[in-house]
Amino acid sequence: MSHERALQELPCLNENLEGSMLSLTEKSKRKKRQYFGECLDTENTPHELIQQWSPPHKQRVVCKGKENEDNQFVLARRPRKRREFSGLAWDSLPDELLLGILSCLPLQDLLRMSRVCKRWHRLAFDESLWHSVDLVGKAQLDQALGQMLTVGVLGLRCPHTCIGEPRFTHTQHLHVHHMDLSSCTVTTPVLDDIISRCRLLENLSLEGLELSDNIVQSLSQNTELVRLNLCGCSGFSPDSLSEILKSCSRLEELNLSCCDFSTDHVKAVVSNIPSNITQLNLSGYRQNLTMEDVKDLVERCPNLVNLDLSDSVLMTTSSFPILQQLQSLRHLALSRCYQIHPAALADFEKFPELQTLEVYGLVQDTYLPILSKGLPRLQINTRPFSGVARPTEATRRDRTMWGMTCRLVFRP
């Protein structure tokens, strides 16, 4: 009996005892149920809590028309639909594909695309895109010229252009192979800076420019030169001229007409000119070119196909047998060689391979039909300007450079 009474006096585990740990736990659970019961309708989806913590929705604007007050309409912004992008982004394209796309752009557009981002700037100035550039019509070239040449341009055409300071960023040699600077406005030091960086030139035209011995000596380091146009140039000595002719043994076309030459310059040419020359323009030397020089020239260059000796007043009919030794001669110019009598021109019938004959100033217009009838195989006076080693012949209106079309063309 004593044991049963003791057990009855013990508090039941299901009752809440004040001050006990179990009572405190039950009270805290009850309070939590009351709190979340007020905030939430359901146990697992806190809709009211989400609405309470979410930013307020924009209230819809309800407007009434003055004419139809009974009709209400609501102004609301339609939710923006996400556009699902299908395809590749520009940034994911490889460099090779982007270069192929950029290669289809003209010069001005290519320069605009280079400003988009650093990657496009790098690709826009890839040397594969700047194979050849035609800047005819560009009045002034300064730093842009230096930038283009350092990019790796192989062909540059910019005649009749004013060239300032190119401002090269490094001292490495340029990759240019073909360059036309004919009749440019450029100082001798700037031209020297450009030519001194060239080692791979194959075709070059410096027509009408003021040169120097340093420039000509720099040219002699371009041993791959095939065509060289120095028409109307001045400022270099016979020694430097001899040096370039000895070094550039692969020359095939050479234009030295109307230069500021003395008798020593002419002697340097006929004594050192490469033997594989096929086209030569040595016109404009009046009394400086003698018959002995013509004889030495023919012996040294037996493969001449195109020869221009115009304005040589010492040329006589006695030069015909010498010229007849050129078995491959097809084009001959003897314009304004006043020592040659017009009647003696009939002897050119003995030249089996000759196709054209230029004798401007020797034959009057009234006599030209008679001469043409006597020489039916020849075309007489059809080329008033020589095209030897010139990048673009005067009779052509295209924008080619030694038969090549530039990929990038400046459009003024």
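Below is a short write-up of the structure. (Residues numbered from 1 in each chain as written. Predicted model: local features only at pLDDT ≥ 70, side-chain atom pairs only at ≥ 80, totals over all residues. Heavy atoms only, no water.)

Thoughts on the overall build of the chain
Next, step 1: When helices and strands are tallied, the chain shows 14 helices and 18 strands.
Next, step 2: Out of the 412 residues belonging to the chain, those deemed buried represent 39%.
Next, step 3: Across the chain, contacts joining residues at least 24 apart in sequence account for 60% of those joining residues at least 6 apart.
Next, step 4: Total accessible area on the chain stands at roughly 25,100 Å², and carbon and sulfur atoms take up 51% of it. (Helix = DSSP H or I, 4+ residues; strand = E, 2+ residues; numbered from the N terminus. Buried < 20%, exposed > 50% of the residue type's maximum accessible area, 1.4 Å probe, protein only. Contact = heavy atoms within 4.5 Å. Areas by Shrake-Rupley, 256 points an atom, 1.4 Å probe, with all protein chains shown as cover.)

Structural notes on a nonpolar patch on the surface
Next, step 1: A cluster of nonpolar side chains, Trp-90, Leu-97 and Ile-101, forms an exposed patch at the surface whose accessible area comes to about 290 Å².
Next, step 2: On the secondary structure map, Ile-101 appears in helix 4 (residues 95-102).
Next, step 3: By relative accessible area, Ile-101 is classed as partly exposed at 35%. (Patch = residues over 30% accessible without salt bridge, like charges linked within 9 Å, V, L, I, M, F, W, Y side chains within 5 Å. Salt bridge = Lys/Arg side-chain N within 4 Å of Asp/Glu carboxyl O.)

Notes on the nonpolar core
Next, step 1: By size, the foremost hydrophobic cluster in this structure holds 98 residues, and its most contacted members are Trp-130, Met-179, Leu-206, Leu-211, Leu-307, Leu-323 and Phe-348.
Next, step 2: Residues within four places of Trp-130 in sequence aside, it is in contact with Leu-107, Leu-110, Leu-111, Ala-124, Phe-125, Met-148, Val-151, Gly-152, Val-153, Leu-154 and Leu-408. (Core = buried A, V, L, I, M, F, W, Y, C linked by side-chain atoms within 4.5 Å.)

Some points on the sheet that holds strand 11 (residues 279-281)
Next, step 1: Taken in spatial order, the 12 strands make up an open sheet running 15-14-13-12-11-10-9-8-7-5-3-18, and their pairing is parallel. The open sheet terminates on both sides in strands that have one partner only, identified here as strand 15 (379-380) and strand 18 (408-409). (Pairing = 2+ DSSP bridges.)

A few points about the pattern of salt bridges
Next, step 1: Inspection of every chain in the model, using the stated rule, returns 10 salt bridges.
Next, step 2: In this structure, Asp-134 engages Arg-157 in a salt bridge whose closest nitrogen and oxygen atoms are separated by 3.0 Å. Taken together, the residues span a long stretch of sequence, with Asp-134 in strand 3 (residues 132-134) and Arg-157 in strand 5 (residues 155-157) at a distance of 23 residues. We note that Asp-134, like Arg-157, is buried.
Next, step 3: We note a salt bridge from Arg-336 to Asp-311, for which the minimum N-O separation is 2.6 Å. A residue pair is termed long-range when its members are at least 10 positions apart, and Arg-336 in the loop between strand 13 (331-333) and strand 14 (356-358) and Asp-311 in the loop between strand 12 (306-308) and helix 13 (320-323) qualify at 25 residues.

Brief notes about the packing of helix 10 (residues 238-247) against helix 11 (residues 263-272)
Next, step 1: Two elements in contact, helix 10 and helix 11, have axes whose closest approach is 9 Å; the angle formed by their N-to-C orientations is 15°. Between helix 10 and helix 11, the angle is such that the two are roughly parallel. Considering the relative orientation of helix 10 and helix 11, their crossing is right-handed. Facing Pro-238, Leu-241, Ser-242, Leu-245 and Lys-246 of helix 10, the residues of helix 11 in contact are Asp-264, His-265, Ala-268, Val-269 and Asn-272.
Next, step 2: When the residues that make up the contact of helix 10 with helix 11 are grouped by side-chain class, the tally is five nonpolar, three polar and two charged. (Axes fitted to C-alpha atoms, helices over the stretch in contact; angles between N-to-C directions. Parallel < 35°, antiparallel > 145°, perpendicular 65-115°, else oblique. Left-handed = near helix turned anticlockwise from the far one by under 90°. Nonpolar A, V, L, I, M, F, W, Y, C, P; charged D, E, K, R; others polar.)

A word on the state of the cysteines
Chemically, a disulfide is nothing more than a covalent bond linking the sulfur atoms of two cysteines.
Next, step 1: Within this structure, the stated rule accounts for zero disulfides.
Next, step 2: Here Cys-184 is not cross-linked by a disulfide; its sulfur's nearest cysteine counterpart is in Cys-158, at 4.7 Å. (Disulfide = S-S within 2.5 Å.)

A short note on the packing of helix 11 against helix 12 (residues 291-300)
Next, step 1: The N-to-C vectors of helix 11 and helix 12 enclose an angle of 25°; their axes lie 8 Å apart at closest approach. Between helix 11 and helix 12, the angle falls in the class roughly parallel. The two elements helix 11 and helix 12 meet at a crossing, and its hand is left-handed. Where helix 11 abuts helix 12, its residues Val-266, Lys-267, Val-270, Ser-271 and Asn-272 lie against Asp-293, Leu-297 and Arg-300.
Next, step 2: Here the contact of helix 11 with helix 12 is built from residues that sort into three nonpolar, two polar and three charged.

Overview of unusual backbone geometry
Next, step 1: Despite not being glycine, Ser-183 has its phi angle at roughly 55°, a positive value.
Next, step 2: By the element assignment, Ser-183 lies in the loop between strand 7 (178-180) and helix 8 (188-195).
Next, step 3: The phi angle at Ala-389 is positive, at roughly 65°, despite the residue not being glycine.
Next, step 4: With respect to the helices, strands and loops of the structure, Ala-389 is situated in the loop between strand 15 and strand 16 (400-401).

Side note on the packing of aromatic side chains
Next, step 1: For the structure shown, the criterion picks out five aromatic pairs.
Next, step 2: Between the aromatic rings of Phe-236 and Phe-261, the centroid separation amounts to 5.8 Å while the plane-to-plane angle is 90°, which identifies the pairing as edge-to-face. Here Phe-261 lies in the loop between strand 10 (253-255) and helix 11 and Phe-236 lies in the loop between strand 9 (227-229) and helix 10, a separation of 25 residues in the sequence. For the pair formed by Phe-236 and Phe-261, the shared burial category is buried.
Next, step 3: Judged by centre distance (5.4 Å) and plane angle (10°), the rings of Phe-261 and Tyr-285 are stacked. (Phe/Tyr/Trp six-rings, centres within 6.5 Å; stacked < 30°, edge-to-face > 60°.)

Remarks on helix 10
Next, step 1: The set of residues buried in helix 10 consists of Ser-240, Leu-241, Ser-242, Ile-244 and Leu-245.
Next, step 2: In this structure, the buried side of helix 10 is in contact with helix 9 (213-219), strand 9, strand 10 and helix 11.

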